[in-house]
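# Coordinate analysis (summary)
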Amino acid sequence: MLAFSSKTGKYFRFELLFLLFLSYIRPVISDLEYSYYEEGNIWNFTQALEFRLVFGTISMILYSVFYWGFLKPLLFKKKTFYLVLSAVGYVVIYSVVNKYQHWLVANMEFLSEDIRKEAWANFLKYKVRFVVNYILSYVILLLFGFAYVIRSLQQDEEVKLLKEQALITELNYLKAQLQPHFFFNTLNNIYALAIRGSKDTAPMVARLSQMMRYIIYESNHAKVKLSQEVEFLSNYMEIEKIRRPSSIAVDLETQGVTPFQEIEPLLLLPLVENAFKHGVEDEMEKGFVRVLIVVQENEVILLVENSKPIKPSNEHAGGVGLENLKKRLALLYADRHELTVENTNAIYRVILSLQLS
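Along its length, the protein chain carries 10 helices and seven strands. Each of the 357 residues in the protein chain was classed as buried or not, and the buried ones make up 39%. Counted over contacts in the protein chain with a minimum sequence separation of 6, partners at least 24 positions apart contribute 75%. Total accessible area on the protein chain stands at roughly 21000 Å², and carbon and sulfur atoms take up 59% of it.

Following this line, the structure appears as structure tokens:
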């Protein structure tokens, strides 16, 4: 019963190579050393190659059945008693096979006469002996150690996969919170314009349509082009600009943005949205929101600054956008981001630095 599953399949090549090493390469290396040190002629090892090929194949079969059929499954299921029992069984079977494999080789007519005669002589000479120390030291312990290494690698991979799945779940949850939050605010803006009968209502609806298309079709991707994210922010700021008095200055500037940089979708929006929400929402006569996005080599820097109203209101405190951003940054850019806040009497400034992967 050879145990083989999709989880362990990626390690099959390493396991196979290890068993091939034990069955063929290790005995040949041993013969090579013996030829060089004991016989004084390194090339004498070639005389035993046919012998090693035949007996190595028999060993390969035994190793494979024991490793994949018993040792590995029992080890992974932590069935210690049956694991020890299988090791004892292997010692018994190996000891018996060690004698009768010579009989098998002696009856293989396709082999050379010399190896067949030698095999028959060994069959008559050898008795069944339980060489426990040799089998434990050179076979079982090596297979046990290798199986433990494979088990450790698989466990590390499973833990990593669980962490990645948890990360994806958390990010999807945060984005699910962000999107209704954003649309709620934007629809309120359109509603306010519609009540006033503003001519800007239609352009705002058109821009919102583009933004919705971006959120529906692009934000589900793990990453998007930074240029797309900038375009999304531009549409958002234009919507905000439409509903503000002309005395409110809204500016967006970019430097070094190319079609090649990528970033997680909707990552920059909360800071820009926050600037409008807390900066000029209550400012009726004058104010500003300035956004600067700079790309330098592998770093993206976002600078957002806004004026502060003379009489700030607490009505908008406690939004989910900024908190979501901090959580997403902790998940996506744990050691690759820096968020700086500068709060003066007149200006609120946020600088976000991201190291792109």
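With seven of its 10 residues buried, strand β4 (residues 287-296) lies for the most part within the structure. Sheet topology places strand β2 (residues 248-255) next to β4; eight bridges connect them, and they run parallel. Each residue of the ladder has a partner; that of threonine 254, found in β4, is isoleucine 293. Where β4 lies against strand β5 (residues 299-307), eight bridges are found, and the strand directions are antiparallel. Residue pairing for β5: valine 295 is matched across the bridge by valine 300. Once β4 ends, the chain turns through two residues before running back antiparallel as β5, passing glutamate 297 with a positive phi of about 55 degrees.

Turning our attention to the confidence of the model for the protein chain. Residue-level pLDDT values for the protein chain average 83, and 89% of them are 70 or greater. Across residues 1-6, confidence stays below pLDDT 50; counting only partners more than four residues off in sequence or on other chains, it has 11 contacts.

Turning to helix α3 (residues 49-76), a few remarks are in order. Counting along an α-helix, one turn takes 3.6 residues, and residues three or four places apart therefore face a common direction. The principal kink in α3, of about 40 degrees, is found at tyrosine 67. Directly beyond the C-terminal end of α3, a positive phi value near 60 degrees is found at lysine 78.

Read across the sheet, five strands follow the order β2-β4-β5-β7-β6 without closing on themselves; strand pairing throughout is mixed. Lying at the two open borders of the sheet, with one neighbouring strand each, are β2 and β6 (337-343). Adjacent strand axes in the sheet meet at a mean angle of 5 degrees, parallel and antiparallel pairs treated alike. With seven bridges joining them, β6 and strand β7 (residues 347-355) adopt antiparallel strand pairing. Opposite valine 341, over in β7, you have valine 350 as the bridge partner. Against the sheet, helix α8 (residues 226-242) touches β2, β4 and β5, its axis set at about 170 degrees to β2.

Using the criterion set out here, one finds seven salt bridges in the structure. Between arginine 52 and aspartate 31 there is a salt bridge; the shortest N-O distance is 2.6 Å. Of this pair, arginine 52 sits in helix α3 while aspartate 31 is found in helix α2 (residues 12-37), placing the two residues 21 residues apart along the sequence. Given a relative accessible area of 23%, arginine 52 falls into the partly exposed group.

To continue, consider unusual backbone geometry. What is expected of a backbone is that most residues other than glycine have negative phi and most peptide bonds are trans. You will see that leucine 266, though not glycine, has its phi angle at about 60 degrees, which is positive. Mapped onto the elements of the fold, leucine 266 is located in the loop between β3 (262-263) and α9 (269-280). At glutamate 297, a residue that is not glycine, the phi angle is positive and equals roughly 55 degrees. The residue glutamate 297 is located in the loop between β4 and β5 in this model.

If you walk through the whole model with that rule in mind, you get 14 aromatic pairs. Centre to centre, the rings of tyrosine 67 and tryptophan 68 are 5.7 Å apart; their planes meet at 75 degrees, and the pair counts as edge-to-face. Note on accessibility: tyrosine 67 and tryptophan 68 belong to one class, buried. Among the aromatic residues, those joined into a cluster by ring pairs are Phe12, Phe18, Tyr67, Trp68 and Phe146. Over the face of the ring belonging to tyrosine 100 we find lysine 99, whose NZ or CZ atom lies 6.0 Å from the ring centre. Directly above the ring of phenylalanine 123 sits lysine 99, whose terminal nitrogen or CZ lies 4.5 Å from the centroid.

Our next topic: the packing of α8 against α9. Interaxial distance between α8 and α9 falls to 11 Å at its minimum, and their mutual angle equals 10 degrees. Classified by the interaxial angle, the pair formed by α8 and α9 is roughly parallel. You can see that α8 and α9 cross each other, and the crossing is right-handed. Where α8 approaches α9, its residues Phe232, Leu233, Tyr236, Met237 and Glu240 are matched on the opposing element by Leu269, Val272, Glu273 and Phe276. Split by residue class, the contact of α8 with α9 holds seven nonpolar, no polar and two charged.

We now examine the side chain of serine 86. Structurally, serine 86 is set in helix α4 (residues 80-106). Serine 86 sits in the buried class, given a relative accessible area of 12%. Residues contacting serine 86, with those up to four places away along its chain left out, are Phe66, Phe70 and Leu74.

Cut-offs and rules
- Residues numbered from 1 in each chain as written.
- Predicted model: local features only at pLDDT ≥ 70, side-chain atom pairs only at ≥ 80, totals over all residues.
- Heavy atoms only, no water.
- Helix = DSSP H or I, 4+ residues; strand = E, 2+ residues; numbered from the N terminus.
- Buried < 20%, exposed > 50% of the residue type's maximum accessible area, 1.4 Å probe, protein only.
- Contact = heavy atoms within 4.5 Å.
- Areas by Shrake-Rupley, 256 points an atom, 1.4 Å probe, with all protein chains shown as cover.
- Pairing = 2+ DSSP bridges.
- pLDDT = per-residue confidence, 0-100.
- Bend = angle between axes of the 7 residues up to and from the residue.
- Axes fitted to C-alpha atoms, helices over the stretch in contact; angles between N-to-C directions.
- Salt bridge = Lys/Arg side-chain N within 4 Å of Asp/Glu carboxyl O.
- Phe/Tyr/Trp six-rings, centres within 6.5 Å; stacked < 30°, edge-to-face > 60°.
- Lys NZ or Arg CZ within 6 Å of the ring centre and 35° of its normal.
- Parallel < 35°, antiparallel > 145°, perpendicular 65-115°, else oblique.
- Left-handed = near helix turned anticlockwise from the far one by under 90°.
- Nonpolar A, V, L, I, M, F, W, Y, C, P; charged D, E, K, R; others polar.

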